[in-house]
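The residues making up each chain are set out below.
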Amino acid sequence: NIRATSSVARALSRVPPALRRLRLHATMASVQKDAPRNGAGTVNGVDKDEKKDDITRKKVFEQECISTAAQKWYPTKEEQAQLDEQKILESVKTPYKSVWVECGMDVEGKPMYMNTLVFEAADSKADDIPIVLAHGYGAGLGIFYQNLDTLANIPGTRLYAIDWIGMGRSSRVPFPISDVIRDGGASSRQNKGTITGAKAQQADLKKVDIWNASAEEKKAVKDAEDFFLKPFEEWRKNVGIGEMILIGHSLGGYLASSYCLQNPEKLIKLILLSPVGVPEVPPDKQRRFQERMDGDWRLRWAKSLWEGGTTPQQLVRNFGWIGASRWFTSSIVERRFKHTDFDAESKKSIAGYLHSITILPRSGEDCISTILKFGAWARVPLLNRIKSYLKIPTVFIYGKNDWMDPTTAHQFSVDSEMSKYVSKPYIIPKGGHHMYLENSTACNPVLHKEVTDGVKSFIAKKKDAGE
C-alpha cells in the first residue's frame, strides 16, 4: 500500500541512496505480498474519497492512486507497473475503480489477489449483467484500453477487466512446474516402453507420437488450467458475480473456454478473440513441422529452451542486466504494430506498460510450455472438449492477418450440432492476432453487437421462464 509506506520513505530520506533503494524495494515487496489495505479509492487514476458501495466488500479492496510527482525518487517495479497502467488508461473516459480482489490462498497460506477494474457507467444498476474481460499471455488488462469505453457503456451491463493470477499486476505465486513437461514427455513414454534410453530416444524420435499427450501430460495441463481457473472462480464469488458474459483473448480465450466447459451454468455467452489451443494438429502439418525440426538445429535448440522452461519474459529480464530490457520491449512493440496508425506516444505507452508487467517476478508465464507444445499447438486441444460439452452461445473473432487459423471456428458454425451454439466467425480487417487493439474501430462494433445480443437473449429467456 503506497500510502502506508510514504512515512517510511520520508524516514529513509536521510539514508545513503544505494541503501535507500534496497530497503524501500524490500518494504514495497513486503507490503504488496500482504493483504492490501482499504484506501481512498481510485477513479480513473485520481484519488477520490467516497462512500464504499456494494462492490467493495470484505475481500475486495480499493487500490490507491500513485502520484507520479511523489514517486520521482525511485519507484519500485510494482509501483512502476501501476504508474504505467494508469498511463495507458488515461484515455478511458468511463469512471472505474481499481481494486484488489482476494482469490484464495497460495501454497504458504497467504491471500492471493487479482488486479481488477470495475466500471461504473452513468446508468449502472445493481442487477446489471456482468461482462468479464480477460487478456492473453504476456499482457494485462491495460492492453484493452481502446475497447473499455465501448464495453463499459452497453446498457444493462457492468464491465470487469481482470489480470489473471500470476500475470499483469495480480499476485505472483509459484507456478506448478511439471517434470513430465520439462523432459518433453519422454519419461512417461519410457515407462510405456516406447523409448528405452538416450540413444534409442534420439534414434526413434520420428516413431514417437509426440502430438498426442500422455496421461501424465494431460494431468499437467489440467493442473496448469486450475492454476488460473480456481483463483478465477474465487474471484467471481468474492466480487458477487452470478452469470456473466466472458470475453477472452488468445490464452485468455483458451482459459475462458475451459472455464465455460466446466461451469456452463455460470455463463450467458462466450466471446473468443483469436483463442489459442482450439484445433488439433493436422497430420500434414505434423509431418512438415517434424521435417523442419530434423533439418534445422536452431529449431531443435529453440524447442529445448521451450520445454526447459525459458520464457519470453525471462529473456526481457535478462536484458535488464545490461540496461536494455525497456529498449528490447519497445523494439518488439514497434515491429508488432508497425502496420498500424498508432502514434509514437501510443506505442511508448504500450511498450512501457508491457515492459513494467513483464519484469515483475515470474509466475503465470511458466504455463506456456505446459499448456502448449513448441509451435503453439495445445497439448490437449479444445476441439473435442468443445464438441462434447459446449452448450453456451459462442462467438469467435479473428484478425484478417491473424496467425491463428479460423478454420475450426468456421467448421463449428456449419456443423449441424455445433451451429446451435457457434455462429459464423468474424474476421476483422486490417487486424492481426491483436485485432481488438490494431483495429478497434472495426472490432468495437462487433463486440458491442455480440454483447448486446447476449443481453437481450438472456433477458428474453428469463421472461419466458417467468423469472
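Nothing here was measured: the structure is a model prediction, and the numbers come from that model.

**Things to note about the overall build of the chain**
Helix and strand counts for the chain come out as 19 helices and 11 strands. With 467 residues in all, the chain has 53% of them scored as buried. Long-range contacts, defined here as pairs at least 24 residues apart, represent 74% of the contacts in the chain between residues at least 6 apart. Only carbon and sulfur atoms are counted for the fraction: they give 54% of the accessible area of the chain, which is about 21900 Å².

**Some details on the confidence of the model for the chain**
Mean pLDDT for the chain: 80, with 78% of residues reaching 70 or above. Here residues 1-57 scores under 50 on pLDDT; set against residues more than four positions off or in separate chains, the count is 96 contacts. Predicted confidence for residues 185-209 stays below pLDDT 50, and this span has 25 contacts to residues more than four positions away or in other chains.

**Describing the pairing of strand β4 (residues 96-105)**
Of all the 10 residues making up β4, 9 are buried; the element is thus mostly covered by neighbouring parts of the structure. For strand β3 (residues 60-62) and β4, the ladder comprises 3 bridges, and the chain directions are antiparallel. Bridge pairing in β4 places V60 opposite V101. Looking at chain direction, β4 and strand β5 (residues 111-119) are connected through 8 bridges and run antiparallel. Within β5, the residue paired with Y96 across the bridge is F119. Joining the antiparallel neighbours β4 and β5 is a turn of 5 residues, in which G109 adopts a positive phi near 80 degrees.

**Here we look at the packing of helix α13 (residues 325-336) against helix α14 (residues 344-358)**
Following both chains from N to C, one finds α13 and α14 inclined at 130 degrees, their axes separated by 9 Å at the closest point. Between α13 and α14, the angle is such that the two are oblique. Judged by the twist between their axes, the crossing of α13 over α14 is right-handed. Contacts between α13 and α14 involve S325, R326, T329, S330, V333 and E334 on the former and, on the latter, K347, I350, A351, G352, L354, H355 and S356. Of the residues contributing to the contact of α13 with α14, the split by class is 4 nonpolar, 6 polar and 3 charged.

**Comments concerning the pattern of salt bridges**
Inspection of the entire model under this criterion finds 25 salt bridges. Across the pair K303 and E307 runs a salt bridge whose closest N-O atoms are separated by 3.1 Å. Here the residue K303 and the residue E307 both occupy positions in helix α11 (residues 297-308), the gap between them amounting to 4 residues, near one helical turn. In this structure, K449 and D453 form a salt bridge, with 2.8 Å as the shortest nitrogen-oxygen distance. With a gap of 4 residues between them, K449 and D453 both fall in helix α19 (residues 440-464), about one helical turn apart. By relative accessible area, K449 is classed as partly exposed at 42%. What emerges from the salt-bridge pattern is a single network uniting E233, R236, E265 and K266.

**Notes on α13**
Given a rise of 1.5 Å per residue, 12 residues ought to cover 16 Å, and the 17 Å separating the end C-alpha atoms of α13 matches this to within 8%. Residues of α13 that are buried: S325, F328, T329, S331 and V333. On its buried face, α13 sits against α12 (312-319) and α14.

**A closer look at a nonpolar patch on the surface**
Side chains of W297, W301 and L305 sit close together on the surface and give an oily, nonpolar patch of about 370 Å² of accessible area. Taking the relative accessible area as the measure of exposure, W301 reaches 52% and is therefore exposed.

Here is what the cut-offs are and how they apply
Residues numbered from 1 in each chain as written. Predicted model: local features only at pLDDT ≥ 70, side-chain atom pairs only at ≥ 80, totals over all residues. Heavy atoms only, no water. Helix = DSSP H or I, 4+ residues; strand = E, 2+ residues; numbered from the N terminus. Buried < 20%, exposed > 50% of the residue type's maximum accessible area, 1.4 Å probe, protein only. Contact = heavy atoms within 4.5 Å. Areas by Shrake-Rupley, 256 points an atom, 1.4 Å probe, with all protein chains shown as cover. pLDDT = per-residue confidence, 0-100. Pairing = 2+ DSSP bridges. Axes fitted to C-alpha atoms, helices over the stretch in contact; angles between N-to-C directions. Parallel < 35°, antiparallel > 145°, perpendicular 65-115°, else oblique. Left-handed = near helix turned anticlockwise from the far one by under 90°. Nonpolar A, V, L, I, M, F, W, Y, C, P; charged D, E, K, R; others polar. Salt bridge = Lys/Arg side-chain N within 4 Å of Asp/Glu carboxyl O. Expected span 1.5 Å × (residues − 1). Patch = residues over 30% accessible without salt bridge, like charges linked within 9 Å, V, L, I, M, F, W, Y side chains within 5 Å.

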